[in-house]
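Structural overview
So you can see what is in the structure, the chains are spelled out below.
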Amino acid sequence: MSTRVIRSLFQVLGLNSRGRFEEKANSEMQRLIEALQEHPEDKAKGQLTVTIDFVKLGDRIDMKPSVKAKLPEEKGFASTAFWPVEGGLSVQHPSQSDMFAGPRDSAERSRASETA
């Protein structure tokens, strides 16, 4: 009986942990694809990383793979400008407060211009 020699990386990965690694890698790839399809942006990026550690132990070589999916990042929230007013916050700039106070009496405006 001859020894089976494997020279294909993907074949070795399929045999690793009796096929459980391949199942895990496929599951992570599916999770990444679903996240990309559900992403609200037209352009999104994810990453699937397979790392394989090889360790020589005497006359054998142990191979330990791992897989990691990096899902696309969701777009963050935009910043909102606030101004400190009387110990709190306001979205209105303090110099614009007169603009939103409503109509003023014309007599007040004429007195204000006389004193200026």
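I will try to describe carefully the structure that is included in this document. (Residues numbered from 1 in each chain as written. Predicted model: local features only at pLDDT ≥ 70, side-chain atom pairs only at ≥ 80, totals over all residues. Heavy atoms only, no water.)

**Here's the deal with the overall build of the protein**
Worth spelling out the cut-off: Numbering of helices and strands runs from the N terminus, with a helix taken as a DSSP run of H or I at least four residues long and a strand as a DSSP run of E at least two residues long. Note on exposure labels: buried denotes an accessible area under 20% of the residue type's maximum, exposed denotes more than 50%, and partly exposed covers the range between, all computed with a 1.4 Å probe on protein chains only. The contact criterion used is simple: two residues touch if any of their non-hydrogen atoms lie within 4.5 Å. Exposure was quantified through the Shrake-Rupley algorithm and a 1.4 Å probe, taking into account, for residues, occlusion by the shown protein chains and nothing else.
When you go through the protein residue by residue, the secondary structure sums to three helices and four strands. When the helices and strands of the protein are listed from N to C terminus, the series reads α-α-β-β-β-β-α. Expressed as a percentage of its 116 residues, the buried residues of the protein come to 13%. Of the contacts formed within the protein by residues at least 6 apart in sequence, a portion of 37% connects residues at least 24 apart. Here the protein displays about 10500 Å² of accessible surface, and carbon together with sulfur accounts for 51% of that area.

**Regarding the pattern of salt bridges**
The test is simple: Here, a salt bridge means any Lys or Arg side-chain nitrogen found within 4 Å of an Asp or Glu carboxyl oxygen.
One pass over the structure, following the stated rule, counts three salt bridges. The salt bridge partner of Lys-24 is Glu-28, with a shortest N-O separation of 3.6 Å. Of the two residues, Lys-24 and Glu-28 both sit in helix H2 (residues 20–38), four residues apart, roughly one turn of that helix. Since its relative accessible area comes to 9%, Glu-28 is described here as buried. Salt-bridge contacts for Arg-60 lead to Asp-62; the nearest nitrogen and oxygen are separated by 2.8 Å. Here the residues in one salt-bridge network are Lys-24, Glu-28 and Arg-31, joined through shared partners.

**Remarks on the nonpolar core**
The cut-off we apply is this: Side-chain atoms within 4.5 Å are what join buried Ala, Val, Leu, Ile, Met, Phe, Trp, Tyr and Cys residues into a set we call a nonpolar core.
Counting five residues, the largest nonpolar core consists of Leu-13, Phe-21, Ala-25, Met-63 and Val-67. Among the secondary structure elements, those contributing two or more residues to this core are H2 and strand S2 (60–70). Excluding its chain neighbours within four sequence positions, the residues that come into contact with Met-63 are Val-12, Leu-13, Asn-16, Ile-52, Asp-53 and Phe-54.

**Examining a nonpolar patch on the surface**
Just so we agree on the cut-off: For patch building, the residue pool is restricted to those with more than 30% relative accessible area and no salt bridge; the joining distance is 9 Å between like charges and 5 Å between nonpolar side chains (Val, Leu, Ile, Met, Phe, Trp, Tyr).
Judged by side-chain polarity, Met-29, Ile-33 and Leu-48 come together as a nonpolar surface patch covering roughly 220 Å² of accessible area. As for its position among the elements, Met-29 is in helix H2. Taking relative accessible area as the criterion, Met-29 reaches 40% and is therefore assigned partly exposed.

**Side note on H2**
What counts is decided by this rule: An expected span of 1.5 Å times one less than the residue number is assigned to each helix. For this quantity, the arc is that covered by the directions from the helix axis to the C-beta atoms.
When the terminal C-alpha atoms of H2 are compared, their 27 Å separation across 19 residues agrees well with the 27 Å that a helix rising 1.5 Å per residue should span. Of the residues making up H2, those classed as buried are Phe-21, Ala-25, Glu-28, Leu-32 and Ala-35. For H2, the buried positions fall inside an angular range of 90° around the axis, keeping them on one side. Those residues of H2 that are exposed and angled more than 90 degrees off the buried face are Arg-20, Glu-23, Gln-37 and Glu-38. Contacts made by the buried residues of H2 are with helix H1 (9–15), strand S1 (47–57) and S2.

**Regarding a positive patch on the surface**
Note the cut-off: Here Asp and Glu are counted as negative and Lys and Arg as positive; His is not counted, and neither are the chain ends. Taken as the charge location is NZ of Lys, CZ of Arg, CG of Asp or CD of Glu.
A contiguous patch of positive charge, built from Lys-43, Lys-45, Lys-68 and Lys-70, is present on the exposed surface. With respect to the secondary-structure elements, Lys-43 resides in the loop between H2 and S1. When its relative accessible area of 77% is taken as the criterion, Lys-43 is described as exposed.

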